[in-house]
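So you can see what is in the structure, the chains are spelled out below.
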Amino acid sequence: MGSRAVAHAVFGVLFDVGADAAFIVDPARRRLLAANARLEDLLAAAPGSLLGLDADQVIVAPSVDEPRPVLEVEGTYEDVALRRLDGVPVAVTLTVSHVHLPGHGRLVACLARD
């Protein structure tokens, strides 16, 4: 197994069982492509129920003083909340990274810590 395959296997496990909520967004469609169990727990969502949701249903816009659009600009955002499925916001620190994956194009990887 090459180092790339090892990295994919290890990071896949970290995505699945990590302590932080993690999700991947298709920036062109603004839809959630993947979400880990921690995000489902944080948002009181049934397994698999977050897939396909519009990112704006999940991410509560930061304060009006924040000039950077959350998914469009990489970085760490302190003043963001995620919205539970019952509408209750949960304050998190959100780290956003842009990733280019061959065959899928540009994706947005997000880690949320509450």
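Look above for the structure.
Below, the structure is looked at part by part. (Residues numbered from 1 in each chain as written. Predicted model: local features only at pLDDT ≥ 70, side-chain atom pairs only at ≥ 80, totals over all residues. Heavy atoms only, no water.)

Digging into the environment of R83
Reasoning step 1: One can find R83 in strand β4 (residues 75–83).
Reasoning step 2: Measuring from C-alpha to C-alpha, the distance between R83 and L43 comes to 6.6 Å, with 40 residues separating the pair along the chain.
Reasoning step 3: For R83, the contacting residues outside a window of four places in its chain are L43, D56, Q57, V58, V60, V88 and P89.
Reasoning step 4: Among the polar contacts made by the side chain of R83, one reaches the main-chain carbonyl oxygen of Q57 at a distance of 3.2 Å. (Helix = DSSP H or I, 4+ residues; strand = E, 2+ residues; numbered from the N terminus. Contact = heavy atoms within 4.5 Å. Polar contact = N/O pair within 3.5 Å; in protein donor to acceptor, adjacent residues only side chain to side chain.)

A look at the environment of L71
Reasoning step 1: Looking at the secondary structure, you find L71 in the loop between β3 (59–60) and β4.
Reasoning step 2: In this structure, the C-alpha to C-alpha distance between L71 and H98, residues 27 residues apart in sequence, is 8.6 Å.
Reasoning step 3: With residues near it in sequence (within four places) discarded, L71 still touches V25, R30, A55, I59, V96, H98, V108 and C110.

A short note on the nonpolar core
The nonpolar side chains of a soluble globular protein tend to be buried with one another.
Reasoning step 1: Counting residues in each nonpolar core, the largest one holds 26 residues, and the members touching the most others are F23, L39, L82 and L94.
Reasoning step 2: Elements with a contribution of two residues or more to this core: β1 (21–26), β2 (31–35), α2 (37–42), α3 (55–58), β4, β5 (89–101) and β6 (105–113).
Reasoning step 3: The biggest single contributor to this core is β5, with four residues.
Reasoning step 4: L94 has contacts with F23, V70, G75, T76, Y77, V80, C110, L111 and A112, leaving out every residue within four places of it along the chain. (Core = buried A, V, L, I, M, F, W, Y, C linked by side-chain atoms within 4.5 Å. Buried < 20%, exposed > 50% of the residue type's maximum accessible area, 1.4 Å probe, protein only.)

These figures come from the coordinates and say nothing about function on their own.
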